[in-house]
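If you want the building blocks of each chain, they are given just below.
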Amino acid sequence: MNTESPIGIFDSGIGGLTVVKAIQAALPHERIIYFGDTARVPYGPKSEITIRKYAADDTAILMRYQPKMIIVACNTVSALALNIVEKSCSNIPVIGVLKSGAKLAVQITNNNRIGVIGTQATVCSNAYAYAINQLNPDIEVISQACPLFVPLAEEGFINHPVTKLVAEHYLTEIRTQGIDTLVLGCTHYPILRQVIEETLGSGISIIDSAEAVALRTRELLSESGLLNPSHKVSVPNLLVSDLPQKFSMLYQLFMGSALPNVDLVEV
């Protein structure tokens, strides 16, 4: 592990690219290895046992590249299997999106009413409410599972009429709860951020945990002396477990940049 070692990032599919994008903006000279488990997406409806197995598999794939840090760009894994990732990494730092997003939400809220939307597994785990209330027990957390958001994002339905109907269905109740802050508790959800914001209306701060993770990553690398000194802008190395052509199309749609090679790996 040295300054030129890559940052390893994994998610169930394309959603973790929101974290890649934030890391690239904050740390453009860092090498990134990204694994999207497109063969087994979505993770949200799966059992805890299955999610913990997937977390171990995903970590093992990234560890082949000798990373200096692992970022769990999946809220479901962050909620239910972060300790599995930590055990698999020995002394390598691990950052989960959940705690970073919870911390930022606590800092932003003014009326102590925070909404959280996420997969069924993340919401049922109550992990966000726990993390938020550890930081401030006076905050009320209102959670809503939005399971169809992940497949909509994976299909590239960023501003599709179907997405608008689904968003209206999921967000009608939470919109009436007096929240002033909403945590996007799944890294796929920022892909649908425009529709979510339009459905909620004005006056609600949106927390994208990817931005919080990027700030935490820069802090940890700086503290440990592992920032890459190179002045060359690095292109991410992309790995998927299925459908690399579809991932390439969605990468260009979301990232709006030149497409790196996408390699197929077996899980």
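Above this text sits the structure in question.
Residues numbered from 1 in each chain as written. Predicted model: local features only at pLDDT ≥ 70, side-chain atom pairs only at ≥ 80, totals over all residues. Heavy atoms only, no water.

### A closer look at the sheet that holds strand 6 (residues 140-145)
- Judged by pairing direction, the sheet is parallel, and its 4 strands sit side by side in the order 6-5-7-8 without closing on themselves. The outermost strands of the open sheet, each flanked by one partner alone, are strand 6 and strand 8 (205-208). Here the strands of the sheet are splayed against their neighbours by 25 degrees on average, with no regard to which way each runs.
- Direction of pairing for strand 5 (residues 113-118) relative to strand 7 (residues 181-185): parallel, over a ladder of 5 bridges. Its bridge partner lying in strand 7, Val 116 is registered against Val 183. (Pairing = 2+ DSSP bridges. Helix = DSSP H or I, 4+ residues; strand = E, 2+ residues; numbered from the N terminus. Axes fitted to C-alpha atoms, helices over the stretch in contact; angles between N-to-C directions.)

### Describing the environment of Ile 108
- Turning to its location among the elements, Ile 108 is positioned in helix 5 (residues 97-108).
- Setting aside residues no more than four positions away along its own chain, Ile 108 makes contact with Thr 181, Ser 205 and Ile 207. (Contact = heavy atoms within 4.5 Å.)

### Some thoughts on empty space enclosed by the protein
- Applying the stated criterion across every chain, the model contains 3 cavities of 30 Å³ or more.
- Every residue lining the largest cavity is counted, 15 residues in all, and those nearest its centre are Ser 12, Cys 74, Thr 76, Thr 119 and Cys 186.
- Looking at the lining of the largest cavity, its residues break down into 5 nonpolar, 9 polar and 1 charged.
- If you add up the space inside the second largest cavity, you get close to 40 Å³.
- Residue assignment for the lining of the second largest cavity shows that the elements contributing at least two residues are helix 6 (120-125) and helix 7 (127-135).
- Among the elements that line the lining of the second largest cavity, the one with the most residues is helix 7, at 3 residues. (1 Å grid on protein atoms, 1.4 Å probe; cavity = no way out; pocket = protein on both sides within 12 Å on 5 of 7 lines; lining within 4 Å. Points joined across faces, edges and corners; volume = space filled by probe spheres on them. Nonpolar A, V, L, I, M, F, W, Y, C, P; charged D, E, K, R; others polar.)

### Describing the pairing of strand 9 (residues 237-240)
- Judged from the 4 bridges that link them, strand 2 (residues 32-36) and strand 9 form a sheet pairing that is parallel. What sits directly across from Phe 35, in strand 9, is Leu 239.

### What to know about the sheet that holds strand 1 (residues 7-11)
- Spatially, the 6 strands line up as an open sheet ordered 4-3-1-2-9-10, and their pairing is parallel. The outermost strands of the open sheet, each flanked by one partner alone, are strand 4 (94-96) and strand 10 (262-264). Each strand axis lies, on average, 20 degrees off the axis of its neighbour in the sheet, ignoring direction.
- Where strand 1 and strand 3 (residues 69-72) come together, 4 bridges link them in parallel fashion. Along strand 3, the bridge assignment pairs Ile 9 with Ile 71.
- Across the sheet, helix 2 (residues 48-63) lies against strand 1, strand 2, strand 3 and strand 9, angled at about 150 degrees from strand 1, the strand it touches most.

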